[in-house]
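Each chain, letter by letter, is given below.
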Amino acid sequence: MKKNKSLSQCVNKMYSLLNGHMTRRFCKEEVLRYICNPGQACSYMIGCKFIERMSKRRGSITLKEFHHKLLSIGPSPMKYLKKKLDKHI
């Protein structure tokens, strides 16, 4: 835990930052997920930025068509995803 904070302190902090929009149980699960797999948040953000860049290059297809194509490819490495998306953009 950051700066020797207890799990409950971290959960309370996250809960307060979310202004009660999520349950304490959800906050606890999220805190535990980030503790057990700290690279997950970084991987998520890298993937998010990659998809944003690809979306900006979509050319004449609509955003809806882009999302449909992206989801139809399924979970894939970014290099493969780029190759597949470039064929349709």
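Residues numbered from 1 in each chain as written. Predicted model: local features only at pLDDT ≥ 70, side-chain atom pairs only at ≥ 80, totals over all residues. Heavy atoms only, no water.

## Some thoughts on the overall build of the protein
Phase 1 of the analysis: If you tally the helices and strands in the protein, you get five helices and zero strands.
Phase 2 of the analysis: Ordered by position in the sequence, the α and β elements of the protein form the string α-α-α-α-α.
Phase 3 of the analysis: Counting only C-alpha atoms, the protein reaches 50 × 25 × 20 Å along its principal axes.
Phase 4 of the analysis: If you sum the accessible surface of the protein, you get close to 7,100 Å²; carbon and sulfur atoms cover 59% of it.
Phase 5 of the analysis: Averaging the positions of the 20 positive and the 5 negative side-chain charges in the protein gives two centres separated by 5 Å. (Helix = DSSP H or I, 4+ residues; strand = E, 2+ residues; numbered from the N terminus. Areas by Shrake-Rupley, 256 points an atom, 1.4 Å probe, with all protein chains shown as cover. Lys, Arg positive; Asp, Glu negative; His and termini not counted. Charge placed at Lys NZ, Arg CZ, Asp CG, Glu CD.)

## With respect to the environment of isoleucine 35
Phase 1 of the analysis: Inspection of the secondary structure assignment puts isoleucine 35 in helix α2 (residues 24-36).
Phase 2 of the analysis: Given the relative accessible area of 41%, isoleucine 35 is considered partly exposed.
Phase 3 of the analysis: Spatially, the C-alpha atoms of isoleucine 35 and glutamate 52 are 27 Å apart, while their sequence positions differ by 17 residues. (Buried < 20%, exposed > 50% of the residue type's maximum accessible area, 1.4 Å probe, protein only.)

## Quick notes on the packing of aromatic side chains
Phase 1 of the analysis: Considering all chains together, one arrives at zero aromatic pairs under this definition.
Phase 2 of the analysis: Taking NZ or CZ as reference, arginine 24 lies 4.0 Å from the ring centre of tyrosine 15, over its face.
Phase 3 of the analysis: Seen from the ring of tyrosine 34, arginine 33 lies directly overhead, with NZ or CZ sitting 4.8 Å from the centre. (Phe/Tyr/Trp six-rings, centres within 6.5 Å; stacked < 30°, edge-to-face > 60°. Lys NZ or Arg CZ within 6 Å of the ring centre and 35° of its normal.)

## Quick look at the pattern of salt bridges
Phase 1 of the analysis: Tallied over the full model, the rule gives five salt bridges.
Phase 2 of the analysis: Put simply, glutamate 30 and arginine 33 hold a salt bridge, and the shortest N to O gap is 2.4 Å. Of this pair, glutamate 30 and arginine 33 both sit in helix α2, three residues apart, roughly one helical turn.
Phase 3 of the analysis: Its salt-bridge partner being aspartate 86, residue lysine 82 comes within 2.8 Å of it at the nearest N-O pair. Taken as a pair, lysine 82 and aspartate 86 lie in helix α5 (residues 78-88) at a separation of four residues, close to a single helical turn.
Phase 4 of the analysis: Taking the relative accessible area as the measure of exposure, aspartate 86 reaches 27% and is therefore partly exposed.
Phase 5 of the analysis: Linked by salt bridges that have partners in common, Arg57, Lys82 and Asp86 make up one network. (Salt bridge = Lys/Arg side-chain N within 4 Å of Asp/Glu carboxyl O.)

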